[in-house]
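Each chain is listed here by its residues.
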Amino acid sequence: KGGVGKTTTAVNLGAYLASAGKRILLVDTDPQANATSSLGVDKNALGRSIYDMLIGVETAASLIMVTSCPSLDLLPSSPALAGAEVELVEMAGREVRLRHALEPIRPRYDYVLIDTPPSLGMLTVNALTAADGVLIPIQCEYLPLEGLTQLLRTIDLVRQSLNPSLIIRGLILTMFDARTNLSRQVVEEIRQHFPSTAFRVVIPRSVKISEAPSYGEPLTRFAPDSS
Ligand code: ATP
Ligand code: MG
């Protein structure tokens, strides 16, 4: 789903894990390239991006960039990636191209976090096929069950055909506003339907979180004291 906090979660989880001493690679598979710009990289000035990797002209190793956060690396996206959604359809091994391209660099990292586009297209299928697990952000501002059911069905399909070991790591409740009934209702509904899958920690709605991307910095640098 669009705008639920996927990029915010990927960027900030990556930054906090890196500041805890883990080696992290953040992979941006969204043509909007929001994760890329959230880390201060100008997506329009990039000569090459993950697009060149998916069409097979560059390796992952040659594209990885260091960021202002020590031990947080970035595999950047760019608007050129929009073409890949169509071009991939014609390519051999179209669903496994991301998995194969990331394989050689996996041992360098403790965690590889993949940010996905909002649609369940070829790029997202590549991400689900490359991943060991899925983190699903849930925005506490919409009752999410319908969209969630569709996503869980897609994950099942990917499991059956492309990635049998794919697991759901957990549901992350985000943009929680304690002042609204709706927020509390969403948390209740999710906990009731998915008692063991929803993380206990809930991410509050915070102005600092939404400001940080414009400054090209994760919260670890922009607002380290943020709740
Ligand atoms: P898309 O589907 O377009 O890629 P997304 O799922 O990646 O969207 P984000 O870009 O992470 O969603 O978040 C959507 C918007 O909400 C952004 O402007 C972001 O800054 C803001 N946002 C995310 N989490 C929070 C939060 N906890 N508090 C306040 N604003 C937030
Ligand atoms: Mg995003």
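Residue numbers here run from 1 along each chain, matching the order of that chain's written sequence. For naming, the first written chain is A and the first written ligand is 1, with later ones following in the order written. Local features in this predicted model are restricted to residues whose pLDDT is 70 or higher, and side-chain atom pairs enter the listing and the counts only when it is 80 or higher, whereas totals over whole chains, interfaces and linings include all residues. Here the side-chain values reflect all heavy atoms present in the structure, with hydrogen atoms and water set aside.

Participant: Which parts of the structure should I look at to understand the sheet that holds strand β1 (residues 24-28)?
Facilitator: Backbone hydrogen bonds hold the strands of a sheet together, and the pairing may be parallel or antiparallel. Criterion used throughout: strands pair if DSSP finds at least two bridges between them. A run of H or I in DSSP becomes a helix once it reaches four residues, and a run of E becomes a strand once it reaches two; helices and strands are each numbered from the N terminus. Spatial strand order, β2-β3-β1-β4: four strands in an open sheet with mixed pairing. Two strands close off the open sheet at either side, each with one partner strand: β2 (65-66) and β4 (111-115). Judged from the two bridges that link them, β2 and strand β3 (residues 72-75) form a sheet pairing that is antiparallel. The residue bridging Val66 from the neighbouring strand is Asp73, located in β3. Along the sheet, helix α1 (residues 6-19) contacts β1, β3 and β4; its crossing angle with β4, the most-contacted strand, is approximately 160°. In this description, contact between two residues means that some pair of their heavy atoms is separated by no more than 4.5 Å. Helix axes use the C-alpha atoms of the stretch in contact, all axes being lines fitted to C-alpha atoms, and the angles between their N-to-C directions lie in the range 0 to 180 degrees.

Participant: What is the right way to look at the site of ligand 1 in this model?
Facilitator: Whether a residue is near a molecule or strand depends on its heavy atoms: it is near if one of them lies within 4 Å of it. Taken together, the neighbourhood of ligand 1 is formed by 18 residues, with Lys6, Thr7, Thr8, Pro204 and Ser206 sitting nearest. Polar contacts, as used here, are pairs of N or O atoms within 3.5 Å; protein pairs need one atom able to donate a hydrogen and one able to accept it. Residues neighboring in sequence count only if both atoms are side-chain atoms. Contact distances for ligand 1 include 2.8 Å between an oxygen atom and a side-chain N or O atom of Thr7. Gln32 places a polar side-chain atom, nitrogen or oxygen, 3.2 Å from an oxygen atom of ligand 1. Surface accessibility in these figures is a Shrake-Rupley result with a 1.4 Å probe; residues are shielded only by whichever protein chains are displayed. When ligand 1 sits alone it has 620 Å² of accessible area, and the protein chains cover 82% of it. Of all elements in the fold, only α1 and α10 (207-211) reach the threshold of two or more residues within the shell around ligand 1. Among the elements that take part in the shell around ligand 1, α1 stands out by supplying three residues, more than any other. Of the residues that constitute the shell around ligand 1, the class distribution is six nonpolar, eight polar and four charged. Residues are sorted three ways: Asp, Glu, Lys and Arg are charged, Ala, Val, Leu, Ile, Met, Phe, Trp, Tyr, Cys and Pro are nonpolar, and all the rest, Gly among them, are polar.

Participant: How should the environment of Ala60 be read in this particular structure?
Facilitator: Of note, Ala60 is situated in helix α4 (residues 60-63). When accessible area is computed with a 1.4 Å probe and restricted to protein chains, residues below 20% of their type maximum are described as buried, those above 50% as exposed, and intermediate ones as partly exposed. By relative accessible area, Ala60 is classed as buried at 3%. Through-space distance from the C-alpha of Ala60 to that of Ile155 is 25 Å; in sequence the pair is 95 residues apart.

Participant: I would appreciate a short explanation of unusual backbone geometry in the present structure.
Facilitator: A negative phi angle characterises most non-glycine residues, just as the trans form characterises most peptide bonds. At Ala33, a residue that is not glycine, the phi angle is positive and equals roughly 55°. With respect to the helices and strands, the residue Ala33 is situated in the loop between β1 and α2 (34-38). Overall, the relative accessible area of 0% leaves Ala33 in the buried class. Positive phi is not limited to glycine here, since Met175 has a value of about 55°. Take Met175: it is sitting in the loop between β6 (167-174) and α9 (181-193).

Participant: Sorry, what's going on with the packing of aromatic side chains here?
Facilitator: Geometrically, a pair of aromatic rings is defined through the distance of the ring centres and the angle of the planes. Centre distance within 6.5 Å is the pairing criterion for rings of Phe, Tyr and Trp, where only the six-membered ring of Trp is used; planes under 30 degrees apart are then read as stacked, over 60 as edge-to-face, and the remainder as tilted. Per the stated rule, a full pass over the model turns up one aromatic pair. Looking at Lys1, its charged tip hangs above the ring of Tyr142, at a distance of 4.5 Å from the centre. Charge-over-ring contacts are defined here by two conditions on Lys NZ or Arg CZ: a distance within 6 Å of the ring centre and an angle within 35 degrees of the ring normal.

Participant: Which parts of the structure should I look at to understand the pattern of salt bridges?
Facilitator: A pairing counts as a salt bridge when a side-chain nitrogen of Lys or Arg comes within 4 Å of a carboxyl oxygen of Asp or Glu. The final tally for this structure, using the stated rule, is eight salt bridges. Of the charged contacts, one joins Arg205 and Glu141 as a salt bridge, the two residues approaching to 2.6 Å between their closest N and O atoms. Of this pair, Arg205 sits in the loop between α9 and α10 while Glu141 sits in the loop between β5 (133-139) and α8 (145-161); the two residues are 64 residues apart in sequence, bridging distant segments of the chain. With a relative accessible area of 45%, Arg205 lands in the partly exposed category. Residue Glu141 is classed as partly exposed on the basis of its relative accessible area, which comes to 27%.

Participant: I keep staring at α8 and nothing clicks. Help me out?
Facilitator: Residue pairs spaced three or four apart in an α-helix point in one direction, given the helix's 3.6 residues per turn. In this analysis, the expected span of each helix is defined as 1.5 Å times one less than the number of residues it contains. Taking 1.5 Å of rise per residue, the 17 residues of α8 would be expected to cover 24 Å, and the 24 Å separating its terminal C-alpha atoms lies within 8% of that figure. For α8, every residue scored as buried is listed here: Leu148, Thr154, Ile155 and Val158. Relative to the axis of α8, the buried residues are bounded by an arc of 120° and lie together on one face. For α8, exposure combined with an orientation more than 90 degrees from the buried face picks out Glu146, Arg153, Leu157, Gln160 and Ser161. Considering only its buried residues, α8 is in contact with α7 (122-130), β5, β6 and α9. Summarising the geometry, the arc corresponds to the directions from the helix axis toward the C-beta atoms.

Participant: I tried to follow a nonpolar patch on the surface on my own but got confused; where do I start?
Facilitator: On the surface, a cluster of nonpolar side chains totalling about 210 Å² of accessible area is made up of Leu13, Leu135 and Phe199. Within the fold, Leu135 resides in strand β5. A relative accessible area of 32% means that Leu135 is categorised as partly exposed. Like-charged residues are merged into a patch within 9 Å and nonpolar side chains (Val, Leu, Ile, Met, Phe, Trp, Tyr) within 5 Å, provided each residue has over 30% relative accessible area and no salt bridge.

Fair warning: the whole summary comes from geometry, so function is off the table for now.
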